[in-house]
Amino acid sequence: MTKLSVNVNKIALLRNTRALGIPDVEKFARIALDAGAHGITIHPRPDGRHVRANDVARLATLMEKYPDREFNIEGNPFHNLMDFVRATRPDQCTLVPDESGQFTSDHGWDIAKDGDRLRPIIDDIRSLGVRVSLFIDPLPAVMSQVKALGADRIELYTEPYAANFGRTAGRATLDAYVATAVAATFAGLGVNAGHDLNLDNLPDFVAAIPALLEVSIGHALVADALEFGLAKTVQLYLDAIGSVPQGVTGHTARPRQGRAG
């Protein structure tokens, strides 16, 4: 079953535009979890434009009340990430090669260039009992190298898939992700995915990718929540990935706008 982790960064971004504490990030995380989300993702950046240090601590405490859900902290380990990982020991740490001030994550790790400096960090995180996932472009050939670094999973960077969804190049783009997922599984890695996934392009991706364990979604999900409300939106995304938790009812799938060509 593919699990849904809700990224609450954009909730924090909206909150940070005023000094009122509205919307409350912890409250919205709780709504998402109560609606059936399998986990919460955060990406604390050095400039504090999204979740901040006090958010990380509050969310870690919140997640203790949901022992069957997962807390995923993502970010660049060469910035301020490791202090948060050591303090909270999340279920998963997703290492992302974004730079300070970067608008959003826009590429995966260059394993040939960054592998040697990632290895001790991966060892450090795993020694804390935390699963490690590396943010990766769809490159089947590097999966064995990722495994050799000690990572447990990859997170497929899916912006190219989303950008080509419904276009002629969509099929070939999706095929590259399928091949990477197969290579990752063969190497002994779990497969996650995230970036620009939404209600329209998500079903085809989940259907195509073998053994997809988790999708992490924030921007589109929060945008849809403005229209449908957060709890209903979480249910729509659970429907889209075919992972409706037991006891959660009232789901109505949203029609898709297009299909990959």
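Residues numbered from 1 in each chain as written. Predicted model: local features only at pLDDT ≥ 70, side-chain atom pairs only at ≥ 80, totals over all residues. Heavy atoms only, no water.

Caption draft 1: Just helix α5 (residues 111–127), in detail. Within α5, the axis deviates most sharply at Arg117, by approximately 45°, and proline Pro120 lies no more than four positions further along. Of the residues making up α5, those classed as buried are Ile111, Asp114, Gly115, Leu118, Ile121, Ile122 and Ile125. Residues of α5 that are buried sit in contact with α4 (81–88), β4 (92–95), β5 (131–136) and α6 (143–148). Measuring from the side-chain oxygen of the N-cap residue of α5 to the backbone nitrogen of Ala112 gives 3.2 Å; that N-cap residue is Asp110. Immediately downstream of α5, the backbone of Gly129 shows phi near 85°, a positive value. (Bend = angle between axes of the 7 residues up to and from the residue. Helix = DSSP H or I, 4+ residues; strand = E, 2+ residues; numbered from the N terminus. Buried < 20%, exposed > 50% of the residue type's maximum accessible area, 1.4 Å probe, protein only. Contact = heavy atoms within 4.5 Å. Polar contact = N/O pair within 3.5 Å; in protein donor to acceptor, adjacent residues only side chain to side chain.)

Caption draft 2: Inspection of the side chain of Glu155 at higher detail. The residue Glu155 is located in strand β6 (residues 153–157) in this model. Buried within the structure, Glu155 lacks any salt-bridge partner; its nearest side chain of opposite charge belongs to Arg153, at an N-O separation of 8.7 Å. With residues up to four places along the chain from it excluded, the contact list for Glu155 reads Glu74, Thr94, Ser133, Leu134, Phe135, Ile136, Asn192, Ala193, Gly194 and Ser216. (Lys, Arg positive; Asp, Glu negative; His and termini not counted. Salt bridge = Lys/Arg side-chain N within 4 Å of Asp/Glu carboxyl O.)

Caption draft 3: Structural detail: helix α8 (residues 170–187). Here α8 spans 26 Å end to end across 18 residues, near enough to the 26 Å set by a 1.5 Å rise per residue. Along α8, the residues classified as buried are Gly170, Thr173, Leu174, Tyr177, Thr180, Ala181, Ala183 and Ala184. Just beyond α8, the residue with positive phi is Gly188, at close to 95°. (Expected span 1.5 Å × (residues − 1).)

Caption draft 4: Representation of the side chain of Thr173. Its location among the elements puts Thr173 in helix α8. Classification of Thr173 as buried rests on a relative accessible area of 14%. What Thr173 contacts, discounting residues up to four positions off in sequence, is Pro160, Tyr161 and Asn164.

Caption draft 5: Representation of the pairing of strand β7 (residues 190–194). Burial of β7 is extensive: five of the five residues sit out of reach of the surface. What you see with β7 is no split at all: Gly190, Asn192 and Gly194 on one side and Val191 and Ala193 on the other are buried throughout. When β6 meets β7, the two strands line up parallel, connected through five bridges. Bridge pairing links Glu155 to Asn192 in β7. Across four bridges, β7 lies against strand β8 (residues 212–217) in parallel orientation. (Pairing = 2+ DSSP bridges.)

Caption draft 6: View of unusual backbone geometry. Looking along the chain, the bond that leaves Ile22 and enters Pro23 is cis, with omega of -5°. In this fold, Pro23 is placed in the loop between α1 (9–15) and α2 (25–34). Despite not being glycine, Arg89 has its phi angle at roughly 45°, a positive value. Looking at the secondary structure, you find Arg89 in the loop between α4 and β4. We note that His195 has phi near 120°; this positive angle belongs to a residue other than glycine. When you line up the elements, His195 lands in the loop between β7 and α9 (202–208). By relative accessible area, which is 16% here, His195 ends up buried.

Caption draft 7: Here's a closer look at the environment of Phe78. Within the fold, Phe78 resides in the loop between β3 (70–75) and α4. Look at Phe78 and you get partly exposed, because its relative accessible area is 30%. Linking Phe78 and Leu95, residues 17 residues apart in sequence, is a C-alpha distance of 9.6 Å. In this view, Phe78 contacts Trp109, Arg117, Leu118 and Ile121; residues no more than four positions away in its chain are not counted.

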